[in-house]
Amino acid sequence: MAFEEINPRMIRAAVSPGRRLLARRGAMLAYRGEVSFTPLVRDGGNRVMPVVGRRLADEDVPLMAVEGSGTVFFGHGGHHVQVIHLSGDTLYVEADRLLVFEATLERGTVFLGSRDGLRGVVRGQVGGQGLFTTTLTGHGSLAVLAHGGVLEVPVVPGRPVHVDPRAYVAHHGDVRDRLTAALGWRDMVGRGSGEAFRLAFEGSGTVYVQASEEKL
């Protein structure tokens, strides 16, 4: 197993030659052995490279490469840590919720609900949380952050799951996402709550929902 849960707020990872981890900066709590931590930025695509000067504008959460031989303990801000394992599928997760992931996973960026034409309005209402997400695809493990714990909600055919964008953490499987307005357009004027919108998930998979609407 790539990551071992020590308690709800901390995980342990074994680092060995040829096995590279990518973690958010500030996530390392302690380590032992010969382990190096190198700041990274994205080069505009899926690749990462050593940081030179200011980080690129499209990198929401700065990352660091973790390499060497030893053991590293990860956590961040006392938040709940959820370990997720992928077996060839794609996980959609907010960038600021990523704690650490194996470099075997390919990373990208998407906008949830972009097919529904609500993108500009929603950005002003909920600050982008639960909308711009990072994708991780392939075989490997990762850990995400959440407030107050995580509920794994199964998505089954014919039974869509509706989630407040502020409570959304991640999802994976053969799942289609759809962003809808929960209120009429007149009702949404002046509202700052994500409850004016809902993320609907249909298909077969899992949606991860945090126990609080508080933003990380």
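Owing to the predicted nature of the structure, the values given are computational and were not obtained by experimental measurement. (Residues numbered from 1 in each chain as written. Predicted model: local features only at pLDDT ≥ 70, side-chain atom pairs only at ≥ 80, totals over all residues. Heavy atoms only, no water.)

Once that is clear, we can look at the nonpolar core. It is characteristic of soluble globular proteins that their nonpolar side chains tend to be buried jointly. Core analysis: the largest hydrophobic core is formed by 19 residues, its most contacted members being Phe3, Ile11, Leu21, Val66, Phe74, Leu99 and Val100. Of all the elements in the fold, those that place two or more residues in this core are strand 2 (10–15), strand 3 (21–24), strand 6 (63–74), strand 7 (80–93), strand 8 (98–102) and strand 10 (132–146). With four residues, the single largest contributor to this core is strand 6. With 18 residues, the next largest nonpolar core counts Leu63, Val144, Ala146 and Tyr208 among its residues. (Core = buried A, V, L, I, M, F, W, Y, C linked by side-chain atoms within 4.5 Å. Buried < 20%, exposed > 50% of the residue type's maximum accessible area, 1.4 Å probe, protein only. Helix = DSSP H or I, 4+ residues; strand = E, 2+ residues; numbered from the N terminus.)

With that settled, consider the pairing of strand 13 (residues 168–181). Both strand 7 and strand 13 contribute to a ladder of three bridges, which runs antiparallel. Each bridged residue has a counterpart across the sheet, and for Tyr92 the counterpart in strand 13 is His171. For strand 13 and strand 14 (residues 197–210), the ladder comprises 13 bridges, and the chain directions are antiparallel. What sits directly across from Thr180, in strand 14, is Arg198. (Pairing = 2+ DSSP bridges.)

Attention now moves to the confidence of the model for the protein. Mean pLDDT over the protein: 80, with 73% of residues reaching 70 or higher. This model gives residues 115–130 a pLDDT under 50, and the stretch forms 40 contacts once residues within four places in sequence are excluded. This model gives residues 184–194 a pLDDT under 50, and the stretch forms 19 contacts once residues within four places in sequence are excluded. (pLDDT = per-residue confidence, 0-100. Contact = heavy atoms within 4.5 Å.)

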